[in-house]
Amino acid sequence: MKVSFYVLSESKAQDFLGFICQLTQTALNKSSQSLLILIDKQDALLSTLDEALWAHDATSFIPHQRLLDSNIGADTDTDTSHSENTAINPINSQPLAPVLLSSYMPADFKGIVLNTTIHPVNDFMAATNNAQPTRVLELIKPDANSVQEGRHKYKSYQQLGYELTHFKV
């Protein structure tokens, strides 16, 4: 599996939501796979990112939906036509949006993961059934805590033999 670390500059970290939206749009443009944005359960980022993805571009929005812990269902008015390889809702076999916001990895997920949590993605994979992400995008803010968490994740992925790259943005 490929893991890319994005080491954010101070300006990118200040516009964290904007950078996530930009990276999400880039990933959707370059791949037909679903994109899962992992967010810590108690993080206010979930609601603010949900709003930011709807308003990212004045002429469009990034089709997405939130996955709730209690079920995998989502909003019925979400546009799922963007991607042929979207995740499938196991409850009713309906395709989900190309971008999923969640604090967990859905069963059988096979796509790109943008990880905003402090945990390596393999921790989420261990807690679910048959999840096999094809690529992981990790964001590292320029503060000491985020850098330390990034180093921990890097070592974890390195021990698993993943292909690691990093970009300064």
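Criteria and cut-off values
Residues numbered from 1 in each chain as written. Predicted model: local features only at pLDDT ≥ 70, side-chain atom pairs only at ≥ 80, totals over all residues. Heavy atoms only, no water. Helix = DSSP H or I, 4+ residues; strand = E, 2+ residues; numbered from the N terminus. Buried < 20%, exposed > 50% of the residue type's maximum accessible area, 1.4 Å probe, protein only. Contact = heavy atoms within 4.5 Å. Areas by Shrake-Rupley, 256 points an atom, 1.4 Å probe, with all protein chains shown as cover. Core = buried A, V, L, I, M, F, W, Y, C linked by side-chain atoms within 4.5 Å. Pairing = 2+ DSSP bridges. Phe/Tyr/Trp six-rings, centres within 6.5 Å; stacked < 30°, edge-to-face > 60°. Lys NZ or Arg CZ within 6 Å of the ring centre and 35° of its normal. Salt bridge = Lys/Arg side-chain N within 4 Å of Asp/Glu carboxyl O. Expected span 1.5 Å × (residues − 1). Arc of directions from axis to C-beta.

Some words on the overall build of the chain
When you go through the chain residue by residue, the secondary structure sums to 5 helices and 7 strands. If you list the helices and strands of the chain from N to C, you get β-α-α-β-α-β-β-β-α-β-α-β. Counting every position in the chain, which comprises 169 residues, the buried fraction comes to 44%. Put simply, of all contacts in the chain between residues at least 6 apart along the chain, 64% involve residues at least 24 apart. Counting only carbon and sulfur atoms, one obtains 48% of the accessible surface of the chain, whose full area is about 8,900 Å².

Quick notes on the nonpolar core
Of all hydrophobic cores here, the largest spans 25 residues; its most connected members are Ile20, Ile37, Leu49, Leu53, Val99, Leu114 and Leu139. Counting residues per element, the ones that place at least two in this core are helix H2 (16-30), strand S2 (35-38), helix H3 (45-54), strand S4 (99-102), strand S5 (112-115) and strand S6 (135-140). Here this core gets 7 residues from one element, more than from any other, and that element is H2. Sequence-distant contacts of Ile20, that is, excluding residues within four places in its chain, are made with Ile37, Leu45, Leu49, Leu114, Thr116 and Leu139.

Structural notes on the pairing of S4
Burial along S4 is two-sided: the face carrying Val99 and Leu101 and the face carrying Leu100 and Ser102 are both buried. Looking at chain direction, S2 and S4 are connected through 4 bridges and run parallel. Bridge assignment links Leu36 to a residue of S4, and that residue is Leu100. Here strand S3 (residues 64-66) pairs with S4 via 3 bridges, running parallel. Its bridge partner lying in S4, Gln65 is registered against Leu100.

A word on the packing of aromatic side chains
In total, this model carries 5 aromatic pairs according to the counting rule given. Summarising the aromatic geometry, the rings of Phe5 and Tyr157 are spaced 6.1 Å apart at their centres and angled 55 degrees between planes, so their arrangement reads as tilted. With Phe5 in strand S1 (residues 2-7) and Tyr157 in helix H5 (residues 144-159), the pair connects residues that are 152 residues apart, well separated along the chain. Each of the two residues, Phe5 as well as Tyr157, counts as buried. Put simply, the rings of Phe5, Tyr154, Tyr157 and Tyr162 pair up and form one aromatic cluster. For the cation-ring pair, Lys141 lies above Phe16, with the distance from its terminal atom to the ring centre recorded as 4.1 Å.

A look at the pattern of salt bridges
Counted according to the given criterion, the structure contains 2 salt bridges. Among the salt bridges present, the one from Lys153 reaches Glu138, with a minimum N-O distance of 2.6 Å. With Lys153 in helix H5 and Glu138 in strand S6, this pair connects stretches of sequence that are 15 residues apart. Classification of Lys153 by relative accessible area gives buried; the value is 2%. Look at Glu138 and you get buried, because its relative accessible area is 0%.

Some remarks on H2
Here H2 contains 15 residues, and its C-alpha end-to-end distance of 21 Å stays within 8% of the 21 Å for a straight helix at 1.5 Å per residue. Taken as a whole, H2 has its buried residues at Phe16, Phe19, Ile20, Cys21, Leu23, Thr24, Ala27 and Leu28.

Examining H3
Working note: α-helix, 3.6 residues per turn, so residues spaced by three or four point in the same direction. Of all the positions in H3, only Leu45, Leu46, Leu49, Asp50, Ala52 and Leu53 are classed as buried. Down the axis of H3, the buried side of the element spans an arc of 170 degrees, and every buried residue falls inside it. Of the surrounding elements, those touching the buried residues of H3 are H2, S2, S3 and S4.

Worth remembering: the numbers are spatial, not functional.
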